[in-house]
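Results of the structural survey
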Amino acid sequence: MKSLLRWLRRAAVAAIALTVLGGSAVIGSYFYIEPSLPSIEKLKDVQLQVPLRVYTQDGRLIAEFGEMRRTPLRYQQFPAAMVSAVLAAEDDRFFEHPGVDYQGLLRAVYYLATTGEKGQGGSTITMQVARNFFLSSEKTYLRKLREIFLALKIERELTKEEILELYLNKIYLGQRAYGVAAAAQVYYGKPLSALEIPQLAMIAGLPKAPSSYNPVINPERARVRRNYVLRRMHELGFITKDEFRTYLAAPATASLHSSPIEVEAPYIAEMVRAEIYSRYGDEAYTAGYRVYTTVDGRLQAAANSALRQGLLEYGRRHGYRGPEDHVEIAEAGEAELVAALAGRGRIGGLIPAIVTAVAERSATVFVAPEQTVELAWEALSWARRYQSEDHVGPEPQTAGEVVAVGDIIRLQQHGDGFLLAEVPAVAGALVSLHPDDGAVLALSGGFDFYQSKFNRVTQAERQPGSNFKPFVYSAALEHGFTTASIINDAPVVFEDAKLEAEWRPENYSGRFYGPTRLREALIRSRNLVSIRLLRAMGIGPAIRHITHFGFDPQRLSRDLSLALGSSALTPLEIVRGYAVLANGGFLVEPYFITRVEAGNGDILFEADPAVACLPCETAGEAPPPPTAGEGPAPVPTDSETESSAQEPRLAPRTVDARNVYLVTSMLRDVVRQGTGRRALSLGRNDLAGKTGTTNDQRDAWFSGFNRDVVATAWVGFDAPRSLGSAEAGARAALPIWIDYMQVALEGIPEHGLEQPPGLASVRIDPETGLLARPGDATAIFETFRSENVPEQGAVPVAGAGGGVETPGAGLTEQLF
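Residues numbered from 1 in each chain as written. Predicted model: local features only at pLDDT ≥ 70, side-chain atom pairs only at ≥ 80, totals over all residues. Heavy atoms only, no water.

1. Quick look at the sheet that holds strand β12 (residues 427-433)
Judged by pairing direction, the sheet is antiparallel, and its five strands sit side by side in the order β13-β12-β23-β22-β21 without closing on themselves. Edge strands, defined here as strands with exactly one partner in the open sheet, are β13 (440-444) and β21 (688-693). For this sheet, the mean angle separating the axes of adjacent strands, direction not counted, is 5°. Strand direction decides the pairing type here: strand β22 (residues 699-705) and strand β23 (residues 710-716), joined by seven bridges, are antiparallel. Across the sheet, W701 pairs through a bridge with W714, a residue of β23. (Pairing = 2+ DSSP bridges. Helix = DSSP H or I, 4+ residues; strand = E, 2+ residues; numbered from the N terminus. Axes fitted to C-alpha atoms, helices over the stretch in contact; angles between N-to-C directions.)

2. Quick look at the environment of W701
By secondary structure assignment, the location of W701 is in strand β22. We classify W701 as buried; its relative accessible area is 0%. The sequence separation of W701 and G716 amounts to 15 residues, and the corresponding C-alpha distance is 9.0 Å. In this structure the side chain of W701 is engaged in a polar contact, spanning 2.9 Å, whose partner is the backbone oxygen of Q463. (Buried < 20%, exposed > 50% of the residue type's maximum accessible area, 1.4 Å probe, protein only. Polar contact = N/O pair within 3.5 Å; in protein donor to acceptor, adjacent residues only side chain to side chain.)

3. Topic: unusual backbone geometry
Here A368 and P369 are connected by a cis peptide whose omega angle stands at 5°. Tracing the backbone shows P369 in the loop between β6 (363-367) and β7 (371-375). Positive phi, close to 65°, is recorded for R176, a residue that is not glycine. Residue placement: R176 occurs in the loop between α7 (160-170) and α8 (180-188).

4. A look at the side chain of K469
You can see K469 is positioned in helix α16 (residues 469-478). Within the local environment of K469, its side chain forms a polar contact with the side chain of N527, the two groups lying 2.6 Å apart. Ignoring any residue separated from it by four or fewer positions in sequence, one finds K469 in contact with L522, S525, R526, N527, S530, A563 and L564. (Contact = heavy atoms within 4.5 Å.)

5. Overview of the packing of α16 against helix α23 (residues 657-673)
Direction vectors running N to C along α16 and α23 enclose 135°, while the axes themselves pass 10 Å from each other. For the element pair α16 / α23, the angle class is oblique. Considering only the axes of α16 and α23, their crossing is right-handed. Contacts between α16 and α23 involve P470, Y473, S474, L477 and E478 on the former and, on the latter, N659, L662, V663, M666 and L667. (Parallel < 35°, antiparallel > 145°, perpendicular 65-115°, else oblique. Left-handed = near helix turned anticlockwise from the far one by under 90°.)

6. Description of helix α25 (residues 734-744)
Here α25 lies mainly inside the structure; eight of its 11 residues are buried. Among the residues of α25, L734, P735, I736, W737, I738, Y740, M741 and A744 are the ones counted as buried. Contacts from the buried residues of α25 go to α13 (297-317), β12, β13, β22, β23 and α24 (729-732).

No statement about biological role is implied by the geometric values presented.
Take a look at the structure:
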């Protein structure tokens, strides 16, 4: 008995000594490690890496940029079942322990003592927060001690809810998803609040090993882990026994989902990304900036559809170039067919497919993952073989002349069925602005951004051809010509050192029409008239006026070919020029970002565009227009743009209101009677516009507007070559513009430019451009500046006989 008491006393002394030594070691370790522990203040102001997100003007997501997918939430926004599932899976005593669960640590120590190996266990949610934010994941005793002390420090300075909020937003859950909200979108394509408990349990099971329990890569292991979490939730009383049984039987429904892109506008998104990166550097991808653009989601969808449809129709007119690829699939099963289509995603909405059978006038095709489609003869019969831009083969008589088994082709959705299609070789662009402030309403820089990231709206410098003529005619009106001036449309040969040895311009038709009124010349797009106009007013004065439409004078041709649109310009530059006509003569700056918000909602930037304001002129607020020969008004600087003035800045008037009205009236006649007649299909009387076609039909354009919307469409090959002899602007580009404007003007009342004061409408003789005599049955009405109303009498014809000469022009004429 005495020996037992002696042993117990010794054991007690040893235990006390060990406790004192252990406590001293812990205290000593704390004082050794504590100075190196980071400040918890960093956690209070932590900036989670959140991607850059780009939205339309009404808040619909366009794009997301950044390596980490994360959607931070406040603690109150997490569903209670999400919190319960995470506690059940990771730390059920979280709300009881002080940051370190001594029971868990003892289990970990026991495992080490019995196995000699370091195992899992003992790590609380608070300790995971400490490790994830401040420490490495290496398994060393010193790191574990730092983790424990840091967890205790965190618990002293943050509430339990704040710690859980950090954890639920920070934890990595696979597939670049950080935080449970991002995981909900990645695995289920839904917001966290829309998930059911089995789905929440699946996410809660991921932190332990995101790669091993990934429900997409390892669905069976993930389901086992999910069921473990559900069982723990039942054991802890978070769900009932009946609920537990029901949830166990629920199928695993996880699959990869991309970000919920609501509007397809990748070209604009890339413009935004580049701009935000230039302003904020690498922080652009991690600081959670939200950028709101000027883009109208409905109009952007219309622009995408119109451009793609126009390019596909061009391709069908010029024949089928053949399958995208060919593979041997004799007796291939579904797995082999899926493999043959692997890596071929949709391009511009066109679906990849593989031909599995060909009948007399139909074909069977396989579409991944497991769809078989029958193509009727109507879907195939258009596919005459492409030979050149001007020649196609004979009409096919059987499906075998079009496709063969093993062909990899593309399908276009058509009603409830499909059409044979192919990715167009031709390129195109469409851009639309609000004319009053230059806001980009829609922009499509090509058939498919992921096929070609080259943005043809901002990067393709192409000759606009006759699409440029309205600016030349505006210059002519400013230099004494009228809409009724008579100009000779006759052959001419130019010898000019600035041009090639000899230049013999022609009209598109190849014909010449003699003396022609200015209005009629623009309606019919007469080239020789434009050249004589430019020669008569002089290249220098013309360029000085044309710069009032926003064009860089250094980029404009310094010879007579300027009249035919020989300068290389982008669609964005062209549409800006037409915006000046649409808004009544004010120069606006195209812009596409309205607001940039920081992750906390603070506004970092808010656009303050200069606005065209016709009514302001009557109040004496608008600046006077420049006189002929002055350059355009200066473009606002960044500091001016970022001003927070509540009153809108007024755009400068750069072109006289009467000049703009007269040019617009001629462009309305282009739509009513001339090369833009197809636009009459829109059933409106307020449309104005101009086609454009360059030499050898290398570029096709149409630009047009009413008072509310202006848009430019361009079609051409990236490596310039002929579109085909019949592919003028009216055929290749105008239908694209029409399809877009059909949507853009839907529900908008007709809205044309109001006639300004100082104009007079009189009856003239259409042959001479002079005032008509009383009773003249052929007389027509024409509008003039009040000081330019013609008199009765003879009128000179520019470029014929005694027409106005430009000194040193080096011009010889052959009139016949």
